[in-house]
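Okay, here's what each chain looks like letter by letter:
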Amino acid sequence: MLYRRAGAQSPALRDRSVVVPPAPRHAVIPHCKATETGSSKSAPAPPKPPKPGPVGASVPVTVGQAPDGKKVVSVTPPPQYTATPYTAGRVSSASLDEEEDVLPLRNLRKHLKPMDSPFVVDNNRGGGFVGDRDRVRLHTVEYESQESAGAFCADGIATFGDEDVCLVLPEWAIRCGPRKTIYADPTQVSAAVVTCGGLCPGLNDVIQNIVYTLRDYGVPEDNILGIKYGLRGFYERDEKPITLTSEMVDGVHLKGGTMLGTSRGGANIKEIVRRIDLWGLNMVFVIGGNGGNAAAHAIAEECEASGVVCSVVGVPKSIDNDILLVDRCFGFETAVEEAQRALLAAKVEASSAHHGIGLVKLMGRQSGFIAMQASMASGVVDVCLIPEIQFDLQKLNEYVAKVIERKGHCVVCLAEGAGQNVVKGASKGGTDASGNPILADIGPIVKDSLKDYLKGNCDIKYIDPTYMIRAIPTTTNDRVYCKVLGQGAVHGAFAGYTDITVGLVNTHYVYMPIQTIIQAPRRVNPTGRRWNRLVSAIGQPNFS
Ligand SMILES: Nc1ncnc2c1ncn2[C@@H]1O[C@H](COP(=O)(O)OP(=O)(O)O)[C@@H](O)[C@H]1O
Ligand SMILES: O=P(O)(O)OC[C@H]1O[C@](O)(COP(=O)(O)O)[C@@H](O)[C@@H]1O
């Protein structure tokens, strides 16, 4: 099902067109500010401590001393609920056959035999299981009115061609994780793992954790295949699949790139499904971006059409962070960390030169998340240019000149897809093997334009760290994230799902139908809070 609707009206507002704030479910307690003891007549009365709740009473605590020597106390409101162990989480009251507002997942269960998970005996090592009907809320914010930031398109904006559309999502997504009932006998499972598209930190981590989790379920070591150099590795004669053993994947997370190799293009879906059938694969894991997930969806469709029972699971990979709904893609955080290092270097170069300009190009073909986030994180950027917002070269030049006049130097961060309006003619056009547009190189164009405008009276250091950023291993948070994604992908396959992808949404791990996330690339919202925060922080004017 394509949860998608053209037009700018927020689905949240459509569904709740007159937004009446719901009655609060819990009493709202005013926040108690630190107050001075010993009131003077003119001083406002200290806020009354709230009525004691069921547990304990409010206790004034001395937190410091005012300049006049008076004690400053803080009154902590008492907890309004009783903490009892083991009662967290609301249990659904919906009956099993009730129609639910959930992102629907395809499954192969009617073709498969259910059995107990091998972890039932020890209750998944004490960690418990995820219920099939455990859900994660997709709409986490209730807006006061249409004017509230973000209310206009609450579920997220996607761009189709030149048109911005609001996504329409149901209330819930199915929770990711291990099930008590599984739909594949681990001893009979044959699985394949493939990586496709551009590199991204974390590919090896995900491969490793898919292998470890399959082994953990009891899948024989010889039954896990690694497909070489992307999807074409399924059927190209010169690159046979390899057997992925635990030993082979040991330590691979410490290296960048992908131990399997990757490629663009060459996704002959019929040939791939022929191999899946021939090799008796019943689980295929595709680690890829919008393209790779589109391929995974096409493989699932073709499996169904040709009667091949195989669970196809995507793991969304995008260094550009351009996957719809997913809080962040694996590798993105690592990329931002590395990208801001380049920006810091640009600052050092620029500020050490007379009329220095540090110009850094970062990846981001159609989504400027890396440039935006790295600019924000670095705290040294004066201008950030992203694909989502067109700019006028003349206005940019004038502004950079002003910054140099004011502070002696300027740092500009440029996403590779920015300014495609100004490079017209410089672009050869066309697409790469996967159908992605080939862009003109905006970096040298901006560099030359600044040089011309400033009549050479500047010292420009142009830094292009793009491939260096992509090639590094994950930093710790991404490493952990990749583990959960790898495990989640395998749990999803054992649960009998197919045509799904796994990701972090609103801070919880969920399964989503692949079709939902591949409708369009996720892009920075130029009127959204994140972009607004950056331009406010760096004082960037509009260059369009
Ligand atoms: N719509 C599609 N249907 C089937 N396969 C696709 C589709 N789009 C891309 N692919 C294939 O998916 C693989 C990865 O796509 P690509 O765009 O290169 O990278 P990414 O997965 O990072 O977006 C390529 O082999 C490509 O041919
Ligand atoms: O030179 P390559 O390997 O085609 O990759 C360049 C592209 O790959 C990316 O890093 C990631 O793109 P994908 O998500 O399509 O793999 C883009 O930012 C960049 O435009």
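Quick caveat, the model's predicted, so the values are computed rather than measured. Per chain, the residues get numbers from 1 upward, laid out in the order the sequence is written. A letter from A marks each chain and a number from 1 marks each ligand, given out in the order of writing. Totals for whole chains, interfaces and linings use all residues, but because this is a predicted model, local features are given only for residues with pLDDT of at least 70 and pairs of side-chain atoms are given and counted only at 80 or more. Here the side-chain values reflect all heavy atoms present in the structure, with hydrogen atoms and water set aside.

1. A closer look at the domain arrangement of the chain
Then step 1. Here the domain parsing of the chain yields domain 1 (172–329 + 474–518) and domain 2 (332–424 + 433–472).
Then step 2. On a C-alpha basis, the centroid separation for the pair domain 1 and domain 2 is 34 Å.
Then step 3. Domain 1 puts 18 residues into the contact, and the matching count from domain 2 is 19 residues.
Then step 4. Joining two parts hides part of their accessible area as seen by a 1.4 Å probe, and the buried area is that hidden amount summed over both. Interface of domain 1 and domain 2: buried area, both sides summed, is about 1,600 Å²; carbon and sulfur atoms make up 49% of it.
Then step 5. Among the residues of domain 1 in contact with domain 2, R264, I319 and D320 are the three that bury the most area, contributing 35% of the side total.
Then step 6. Each reported salt bridge corresponds to a side-chain nitrogen of Lys or Arg within 4 Å of a carboxyl oxygen of Asp or Glu. Between the two partners, domain 1 and domain 2, sit 1 salt bridge.
Then step 7. For R328, the salt bridge is made with E333, and the minimal N-O distance between the two is 3.3 Å.
Then step 8. Two N or O atoms form a polar contact when they lie within 3.5 Å of each other; inside protein one atom must be a possible hydrogen donor and the other a possible acceptor, and for residues adjacent in sequence the pair counts only when both atoms belong to side chains. Our count for the domain 1 to domain 2 interface comes out at 8 residue pairs in polar contact (both at pLDDT 80 or more).
Then step 9. The nonpolar class holds Ala, Val, Leu, Ile, Met, Phe, Trp, Tyr, Cys and Pro. Asp, Glu, Lys and Arg form the charged class, and all remaining residues, Gly among them, are polar. Here the side of domain 1 that touches domain 2 is built from residues that sort into 5 nonpolar, 8 polar and 5 charged. For the domain bounds, the source is a domain assignment made automatically or taken from a database. When checking whether two residues touch, look at their non-hydrogen atoms; a contact exists if any pair is within 4.5 Å.

2. With respect to the site of ligand 1
Then step 1. The immediate surroundings of ligand 1 are formed by 16 residues, with G265, G289, G292, K317 and S434 found nearest.
Then step 2. Residue G289 places a main-chain N or O atom 2.7 Å away from an oxygen atom belonging to ligand 1.
Then step 3. Residue G292 places a main-chain N or O atom 2.7 Å away from an oxygen atom belonging to ligand 1.
Then step 4. Per-residue and other accessible areas were derived by the Shrake-Rupley procedure at a 1.4 Å probe size, with only the shown protein chains allowed to occlude residues. Contact with the protein chains hides 77% of the accessible area of ligand 1, taken as 560 Å² for the molecule alone.
Then step 5. The method works on a 1 Å grid over the protein atoms by themselves. A cavity is a set of points holding a 1.4 Å probe that cannot get out, a pocket is an open set with protein on both sides within 12 Å along at least five of seven lines, and residues with an atom within 4 Å of a point line them. Throughout, a molecule is located in a cavity or pocket provided that more than half of its atoms lie within 2 Å of its grid points. Placement of ligand 1 is best described as lying within the second largest pocket.
Then step 6. Helix and strand definitions follow DSSP, with helices as H or I runs of at least four residues and strands as E runs of at least two, each counted in order from the N terminus. It is helix α5 (residues 290–305) that contributes the most residues to the shell around ligand 1, 5 residues altogether. Nearness here has a simple test: a residue counts as near a molecule or strand if at least one of its heavy atoms is within 4 Å of that partner.

3. Topic: the nonpolar core
Then step 1. Buried Ala, Val, Leu, Ile, Met, Phe, Trp, Tyr and Cys residues that are joined via side-chain atoms within 4.5 Å together make up what is termed a nonpolar core. Note on classification: 1.4 Å probe, protein chains only; a residue is buried when its accessible area is under 20% of the maximum for its type, exposed when over 50%, partly exposed between these limits. L214, M283, F285, I287, F330, L362 and F494 are the most contacted members of the largest nonpolar core, which totals 93 residues.
Then step 2. Top contributing element to this core by residue count: helix α6 (residues 332–351), with 8 residues.
Then step 3. Residues from two domains meet in this core; each of domain 1 (172–329 + 474–518) and domain 2 (332–424 + 433–472) gives at least three.
Then step 4. Setting aside residues up to four positions removed in sequence, F494 forms contacts with I182, Y183, A184, P186, V189, L214, Y217, V219 and M283.

4. Comments concerning the pattern of salt bridges
A side chain of one charge can pair with a side chain of the opposite charge when the charged atoms of the two come close.
Then step 1. Counting across every chain of the model gives 21 salt bridges.
Then step 2. In this structure, R106 engages E301 in a salt bridge whose closest nitrogen and oxygen atoms are separated by 3.1 Å. One end of the pair, R106, is in strand β5 (residues 106–107); the other, E301, is in helix α5, and 195 residues separate them in sequence.
Then step 3. Residue E301 is classed as partly exposed on the basis of its relative accessible area of 38%.
Then step 4. The residue E304 makes a salt bridge to R106 at a minimum N-O spacing of 2.6 Å. Here E304, found in helix α5, pairs with R106, found in strand β5; they are 198 residues apart in sequence, far enough to count as distant.

5. Focus: the site of ligand 2
Then step 1. Around ligand 2 lies a shell formed by G197, G198, R264, K317, I319, D320, M363, G364, R365, E416, Y467 and R470.
Then step 2. K317 is positioned with one of its side-chain polar atoms (N or O) 3.1 Å from an oxygen atom of ligand 2.
Then step 3. Here an oxygen atom of ligand 2 sits 2.7 Å away from a polar atom, N or O, in the side chain of D320.
Then step 4. In isolation ligand 2 has 480 Å² of accessible area, and contact with the protein removes 81% of it.
Then step 5. One can see that ligand 2 is located within the second largest pocket.
Then step 6. Residue assignment places the shell around ligand 2 across two domains, with domain 1 (172–329 + 474–518) and domain 2 (332–424 + 433–472) each supplying three or more.

6. Details of the packing of aromatic side chains
Geometry of an aromatic ring pair is reported as the spacing of the ring centres plus the angle between the planes.
Then step 1. We call Phe, Tyr and Trp rings a pair once their centres come within 6.5 Å, taking the six-membered ring for Trp, and we label the pair stacked below 30 degrees between planes, edge-to-face above 60, and tilted otherwise. Following the criterion strictly, the structure yields 6 aromatic pairs and no others.
Then step 2. Residues Y399 and F543 carry aromatic rings whose centres are separated by 5.4 Å and whose planes lie at 55° to one another, so their mutual orientation is tilted. Of this pair, Y399 sits in helix α8 (residues 393–407) while F543 is found in the segment after α13 (529–538), placing the two residues 144 residues apart along the sequence.
Then step 3. Classification of Y399 as buried rests on a relative accessible area of 13%.
Then step 4. Exposure remark for F543: the relative accessible area of 5% places this residue in the buried category.
Then step 5. When the centroid spacing of 6.1 Å and the interplanar angle of 45° are considered together, the rings of Y481 and Y509 count as tilted. Of this pair, Y481 sits in helix α11 (residues 476–494) while Y509 sits in strand β23 (residues 508–513), and the two are 28 residues apart along the sequence.
Then step 6. Since its relative accessible area comes to 3%, Y481 is described here as buried.
Then step 7. A relative accessible area of 24% places Y509 in the partly exposed class.
Then step 8. Positioned above the aromatic ring of F369, the side-chain terminus of R522 is 4.6 Å from the ring centre. Distance and angle both matter: a charge sits over a ring if NZ of Lys or CZ of Arg is within 6 Å of the ring centre and within 35 degrees of the ring normal.

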